[in-house]
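Architecture at a glance
Residue strings, one per chain:
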Amino acid sequence: MFDNLSDKFQRIFKNLRGQGKLTEENIREALREVRMALLEADVHYKVAKDFVTGIAERAVGQEVMTSLTPGQQVIKIVNEALTDLMGGQSEPLRLIGKPPVCLLMVGLQGSGKTTTTAKLARKLVQEHRKPCLVPADVYRPAAIEQLVTLAGQINLPVYPSTVRQKPEEIAREAQGYAREHNCDTLIVDTAGRLHIDTELMGELGRLKEILQPAEILLVADAMTGQDAVQVASAFHETLGLSGVILTKLDGDARGGAALSIRAVTRCPIKFIGLGEKLDALEVFHPDRMSSRILGMGDVLSMIEKAQEAFDEKEALAMAKKFREDTFSLEDFRNQLRQVKKLGSLEQILGMLPGMGKLKELKKLQVDEKEFVRMEAIINSMTRGERRNADIINAGRRKRIADGSGTSVQEVNRLLKSYSEARRMMRQMMGGGGSAPATRKKK
Ligand code: GDP
């Protein structure tokens, strides 16, 4: 996501940083390029213009020009401005009111509404809520089936809508159904159309009357750029949205919708969709997104993802092994499995500072099958070998390579990664490279 814009910004700022002293002309030239980059990213022209004007006012001042690191100062200002542009702070859901609290999901057909309804339900379950899903798109039987299937994957109750019912009837009955099933939240997936039409808006208006939703969330496809912004404006004018969920940001290299929606509609982006799977929904953090765009990484999101994937008890046990220097190849294999749970390596790398640029390097195209091969190699070892890697001599390496369908070089590489991980961890745990047992003797 944001790849093109991120590349351009980093090039512009590299030039700025390279200049010891900045003149007003330098800064104005850089800002012209920033404006072009935003327009090419399909940002609304007025938003791009206001953005650059705002920065110019702050950057072409005494403080920046006379500072020791003027280039850095400009980047700091752009970072803050980008964060503000996208809404400043993340906006949590407001699930206030008498249960069942209702979330009304609206949006055009194909925007990812049904998938996002299930993703959101999954997120709420993690926050210890009990959602009930309500399919209210009675025009497409497949839409009801799709939600029922997704709900099945996460074991959630679904109100049994049929195509013979009217959406208004579904809305009325679903509330009672949720109470009967002890659910505290209703997530209603409404009908989509290819275009906005008055009939659809009328229906959504009536559903709003009946359900009195705590949130009306527009699901919009980021890949449609400025169209998504227009759709958001139209829905907001007629229905009054409380937030936007921007989907398919994983496939959106430009980012125009993400950067313009808030500024044009004043409506906050609350979540972003980053993939087809049900766990690919993240809270939208403007500050972190801005850091990512500027190539400064998003270490906070990475840590949160890691916390979700890793079991704390296991992590503590692992730390103990590192401390006592008993971290074996079996533990290494466990770690590989955990890392796999984190998601695609490309996604993780994208969150690291400076990695955006490195991704261009062909050799950094991490082959995810590598994990599978590494695990196969460890699986081909005997228990004794896994517990004490020191005994793995040349003969054993050959046997392990044959057994796992890999090569001796690959086995060597894996053993090297393992000993590197062990050495690094020992250092991080406060050891100077020698095992604690040896130190105790001194
Ligand atoms: P609806 O017609 O609005 O209900 O849309 P669907 O939920 O059926 O989604 C349409 C397509 O978009 C499906 O193939 C989804 O898997 C896909 N989709 C939804 N959200 C995302 C996302 O965040 N990223 C990607 N890559 N695909 C998504």
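Every chain begins its residue count from 1, and numbering advances along the sequence as written. In view of the model being predicted, local features appear only for residues whose pLDDT reaches at least 70, and side-chain atom pairs are presented and counted only at 80 or more, with totals across whole chains, interfaces and linings using the full set of residues.

If you look the chain up in an unreviewed UniProt entry, it shows as Signal recognition particle protein from Syntrophobacter fumaroxidans. Under the heading Subcellular location (unreviewed entry), UniProt records this for the chain: "Cytoplasm". Per UniProt, the chain has the following entry under Function (unreviewed entry): "Involved in targeting and insertion of nascent membrane proteins into the cytoplasmic membrane. Binds to the hydrophobic signal sequence of the ribosome-nascent chain (RNC) as it emerges from the ribosomes. The SRP-RNC complex is then targeted to the cytoplasmic membrane where it interacts with the SRP receptor FtsY." UniProt positions are given in the numbering used here, feature names are shortened, and annotations may be inferred rather than shown by experiment.

A closer look at the environment of Ala151
What counts as a helix is a DSSP run of H or I of at least four residues, what counts as a strand is a run of E of at least two, and both are numbered from the N terminus. Summarising the element assignment, Ala151 is placed in helix H7 (residues 141-153). Considered as a pair, Ala151 and Arg292 are 141 residues apart in the sequence and their alpha carbons are 33 Å apart. With C-beta atoms placed from the backbone, a contact is any residue pair whose C-beta atoms sit within 7 Å. Those residues in contact with Ala151 that lie beyond four places of it in its chain are Ala118, Leu133, Leu156 and Val158.

Side note on the sheet that holds strand E4 (residues 215-221)
Two strands pair under a simple rule: DSSP has to find at least two bridges between them. Ordered in space as E2-E3-E1-E4-E5-E6-E7, the seven strands form an open sheet in which the pairing is mixed. Both edges of this open sheet fall to strand E2 (131-135) and strand E7 (281-283), since each of them pairs with a single strand only. The mean angle between the axes of side-by-side strands here comes to 25°, regardless of whether they run parallel or antiparallel. Relative to strand E3 (residues 185-189), E2 is paired through five bridges, and the arrangement is parallel. Within E3, the residue paired with Cys132 across the bridge is Leu186. The convention used is that axes are lines fitted to C-alpha atoms, helices contributing only their stretch in contact, and that angles between N-to-C directions extend from 0 to 180 degrees.

Some details on the site of the ligand
Any residue whose C-beta atom, as set from the backbone, lies within 6 Å of a molecule or strand is reported as near that molecule or strand. Close to the ligand lie 18 residues; Gly112, Lys113, Thr114, Thr115 and Gly273 are nearest. Looking at the shell around the ligand, the element that brings in the most residues is helix H6 (residues 113-126), giving three residues. The residue makeup of the shell around the ligand, split by class, is two nonpolar, 12 polar and four charged. Each residue receives one of three labels: charged for Asp, Glu, Lys and Arg, nonpolar for Ala, Val, Leu, Ile, Met, Phe, Trp, Tyr, Cys and Pro, and polar for the others, Gly being one of them.

Observations concerning the domain arrangement of the chain
Where each domain starts and ends comes from a domain assignment, either automatic or drawn from a database. Taken domain by domain, the chain holds domain 1 (3-85), domain 2 (101-294) and domain 3 (303-441). Averaged C-alpha coordinates put domain 1 and domain 2 at centres separated by 35 Å. The interface is formed by 16 residues belonging to domain 1 together with 18 residues belonging to domain 2. Mapped onto the side of domain 1 that touches domain 2, the elements with two or more residues apiece are helix H1 (3-18) and helix H5 (70-85). Of the residues forming the side of domain 1 that touches domain 2, the biggest block, six residues, is contributed by H5. Within the side of domain 1 that touches domain 2, the residues separate by chemical class into nine nonpolar, five polar and two charged.

Focus: the UniProt feature "domain: SRP54-type proteins GTP-binding" (unreviewed entry) in the chain
UniProt feature "domain: SRP54-type proteins GTP-binding" (unreviewed entry): in the numbering of this structure it lies at residues 268-281. Along residues 268-281 one finds 0% helix and 43% strand; the C-alpha atoms at either end are 16 Å apart.

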